[in-house]
Amino acid sequence: MWFNRQKQSPAINASTDSYQSILASLYSNGIDLSMQELLQYQSKSRLIDLVGKKNIQGKQSGNYLSRSKGRGMEFDEVRHYQSGDDVRAIDWRVTARTGTTHTKLFREEIERPVLIATDLSQNMCFGSKLLFKAVQAGHLAALVAWHAKSRGDRIGGLVFCDEQHIELKPRSRKAGVLHYLHALTTLNNQKKPTANAAQTVSLDPEVPCSQEGNKAENQSVTGRQKSHYFDEHCARLRYLAKPGSLVYLITDGQALSDEKNCPHALRHLSQISQHCELVVCLISDPLEQELPQSTRKLAVTITDGFNRQQLTLGDKKTAEQYQQQARKQAEKLQLLLQATGARIVHFSAGNSLEQQLKYSGVSL
């Protein structure tokens, strides 16, 4: 996906055929989102389990057991009657059998709305192997939404790109899922044409990128002059996340490298995790972690629509430096997010979600 060569070896052709078969099984072209590919995750909802891993402080009724004991729908235990206990909770059978008054305790049930915030910004419009990061984010959001629906949760959240967002209040049953999936496809497929044209690779360092690439660069400069909106989207998510909610933020985390806006976004995430269970799903691409292998040295020019950089494939030193720098950035991002109290899960856009959840040890 990241570049094409006129002559390819049989191994490369076999690999390409394999990726094409995976895309066909996902009903995806790897770039756009369709309802068909998102609807199929309804049958794969058992790949994950949204069991609460954090005490819930909300006081609403629902399907999740809190750690506080009181009157509710789920029986917990029987103990000796104590002064002040409700006489309506006395277990007369145990009392008659033992000769000592016993009372029943119930575990209160808590409702846990599931909020999903999906990042579809231009940084997410990149893929080198199988899917764009934005497409993988959409697949993950659909999987979480369908599983939450199967548990009887209300589903809502936020779908956002650089300057736009769609806010969805939690809704129950299938309507809540379909409402969210429609927002995903709508916002993702409204991407500007320059979002895809901005990422170009030239195999010949002497040959400049196309005029479209240069035009994309100029438009990208204008876009970069605007303020960063990621922290504002985090603020909206904080407003939506009521105490006791399960919150999923699906992004690549690149917005947190902005030193000006990063503290504001992290502050909002920290405040969310104080009252909710926050899970940050980081989507990465294989090319962001290491350079492709090459049997001979090959000079390539890479541009993101704003900056250009020349790299040499097949050079061991260059590959090691690239990998070390990528590792440092990943570790820095990990520490920043851990400080917010969030649970962090890593996914790759180079493999299907099913492969990663079944065979790579990834767990939500």
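Use the structure listed above.
Analysis parameters
Residues numbered from 1 in each chain as written. Predicted model: local features only at pLDDT ≥ 70, side-chain atom pairs only at ≥ 80, totals over all residues. Heavy atoms only, no water. Pairing = 2+ DSSP bridges. Helix = DSSP H or I, 4+ residues; strand = E, 2+ residues; numbered from the N terminus. Axes fitted to C-alpha atoms, helices over the stretch in contact; angles between N-to-C directions. Contact = heavy atoms within 4.5 Å. Phe/Tyr/Trp six-rings, centres within 6.5 Å; stacked < 30°, edge-to-face > 60°. Buried < 20%, exposed > 50% of the residue type's maximum accessible area, 1.4 Å probe, protein only. Lys NZ or Arg CZ within 6 Å of the ring centre and 35° of its normal. Salt bridge = Lys/Arg side-chain N within 4 Å of Asp/Glu carboxyl O. Lys, Arg positive; Asp, Glu negative; His and termini not counted. Polar contact = N/O pair within 3.5 Å; in protein donor to acceptor, adjacent residues only side chain to side chain. Core = buried A, V, L, I, M, F, W, Y, C linked by side-chain atoms within 4.5 Å. Parallel < 35°, antiparallel > 145°, perpendicular 65-115°, else oblique. Left-handed = near helix turned anticlockwise from the far one by under 90°. Nonpolar A, V, L, I, M, F, W, Y, C, P; charged D, E, K, R; others polar. Right-handed = clockwise from strand over helix to strand, strands pointing away.

Comments concerning the sheet that holds strand E9 (residues 277–284)
Right, so step 1: Read across the sheet, six strands follow the order E6-E5-E4-E8-E9-E12 without closing on themselves; strand pairing throughout is mixed. Only two strands of the sheet have a single neighbouring strand rather than two, namely strand E6 (165–171) and strand E12 (343–348). Each neighbouring strand pair of the sheet contributes to a mean axis angle of 15°, computed without reference to strand direction.
Right, so step 2: Bridge count between strand E4 (residues 114–119) and strand E5 (residues 155–160): six bridges; the pairing is parallel. Across the sheet, residue Ala117 finds its bridge partner in E5, namely Leu158.
Right, so step 3: In this fold helix H11 (residues 316–338) packs onto E9 and E12, with an angle of close to 145° to the strand it touches most, E12.

Re the packing of aromatic side chains
Here a ring pair, both rings aromatic, is described through the centre-centre distance and the interplanar angle of the planes.
Right, so step 1: Taken as a whole and assessed by the stated rule, the structure comprises one aromatic pair.
Right, so step 2: Summarising the aromatic geometry, the rings of Phe160 and Phe230 are spaced 6.0 Å apart at their centres and angled 65° between planes, so their arrangement reads as edge-to-face. Remark: Phe230 occurs in helix H8 (residues 230–240) and Phe160 occurs in strand E5; sequence separation between them is 70 residues. One exposure class covers both Phe160 and Phe230, and it is buried.
Right, so step 3: Over the aromatic face of Tyr41 sits the side chain of Lys44, whose NZ or CZ is 5.4 Å from the ring centroid.
Right, so step 4: In this arrangement the basic side chain of Lys242 is found over the ring face of Tyr239, its NZ or CZ atom lying 5.1 Å from the centre.

Here's the deal with the pattern of salt bridges
Right, so step 1: Throughout the structure, instances matching the rule amount to 10 salt bridges.
Right, so step 2: Between Glu167 and Arg236 there is a salt bridge whose closest N-O contact spans 2.7 Å. Linking Glu167 in strand E6 with Arg236 in helix H8, this pair joins segments that are 69 residues apart in sequence.
Right, so step 3: Here Lys297 and Asp315 are joined by a salt bridge, their closest N and O atoms 3.6 Å apart.

So, the side chain of Asp285
Right, so step 1: Relative to the helices and strands, Asp285 resides in the loop between E9 and helix H10 (286–289).
Right, so step 2: Despite its burial, Asp285 pairs with no opposite charge; the closest candidate is Lys133, at 7.1 Å N-O.
Right, so step 3: Here Ser128 takes part through its side chain, which lies 2.4 Å from a polar atom of the side chain of Asp285.
Right, so step 4: Looking at Asp285, its side chain comes within polar contact range of the main-chain nitrogen of Leu287, at 2.9 Å.
Right, so step 5: Not counting residues up to four positions away in its chain, the partners in contact with Asp285 are Phe126, Gly127, Ser128, Lys129, Leu131, Lys133 and Ala349.

Here we look at the nonpolar core
Looking at soluble globular proteins, one finds that nonpolar side chains tend to be buried together.
Right, so step 1: Counting 50 residues, the largest nonpolar core has Ile116, Leu140, Val144, Leu184, Tyr248, Phe347 and Leu364 as its most contacted members.
Right, so step 2: If one sorts the elements of this core by residue count, helix H4 (residues 133–150) sits on top with 11 residues.
Right, so step 3: Discounting residues that sit within four places of it in the chain, Phe347 has contacts with Leu140, Cys281, Leu282, Ile283, Ser284, Leu353, Gln356, Leu357, Val362 and Leu364.
Right, so step 4: Within the second largest apolar cluster, 26 residues are counted, among which are Leu256, Leu269, Ile272 and Cys276.

So, the packing of H8 against helix H9 (residues 262–275)
Right, so step 1: The interhelical angle for the contact between H8 and H9, taken along N-to-C directions, is 15°, at an axis separation of 8 Å. The angle between H8 and H9 falls in the class roughly parallel. With respect to the hand of their crossing, H8 and H9 are arranged in left-handed fashion. In contact with Phe230, Asp231, Cys234, Ala235, Leu237 and Arg238 of H8, H9 contributes His264, Ala265, Arg267, His268, Leu269, Gln271 and Ile272.
Right, so step 2: For the contact of H8 with H9, a count of residues per class yields seven nonpolar, three polar and three charged.

Let's talk about the pairing of E9
Right, so step 1: Among the eight residues in E9, eight count as buried, and that is most of the element.
Right, so step 2: Judged by which residues are buried, E9 turns out to be covered on both faces: Glu277, Val279, Cys281 and Ile283 on one side and Leu278, Val280, Leu282 and Ser284 on the other are all buried.
Right, so step 3: In this sheet, E9 lies alongside strand E8 (residues 246–251) in parallel orientation, the contact comprising six bridges. Residue pairing in the sheet places Leu246 in a bridge with Glu277 of E9.
Right, so step 4: Handedness of the β-α-β unit built from E8, H9 and E9 comes out right-handed.
Right, so step 5: Both E9 and E12 contribute to a ladder of six bridges, which runs parallel. Looking at E12, one finds that Val280 is bridged to Ile344.

A few points about the packing of H4 against helix H5 (residues 173–188)
When two helices pack together, their arrangement is given by the angle between their axes and by how far apart the axes lie.
Right, so step 1: Packing of H4 against H5 leaves a shortest axis separation of 9 Å and a crossing angle of 175°. As the angle between them shows, H4 and H5 are arranged roughly antiparallel. Across the interface between the two elements, Ala134, Gly138, Ala141, Ala142, Ala145, Trp146 and Lys149 of H4 pack against Arg173, Lys174, Val177, Leu178, Tyr180, Leu181, Leu184 and Asn188 of H5.
Right, so step 2: The class makeup of the residues in the contact of H4 with H5 is 10 nonpolar, two polar and three charged.

Note that all results are geometric; they support no functional claim without further evidence.
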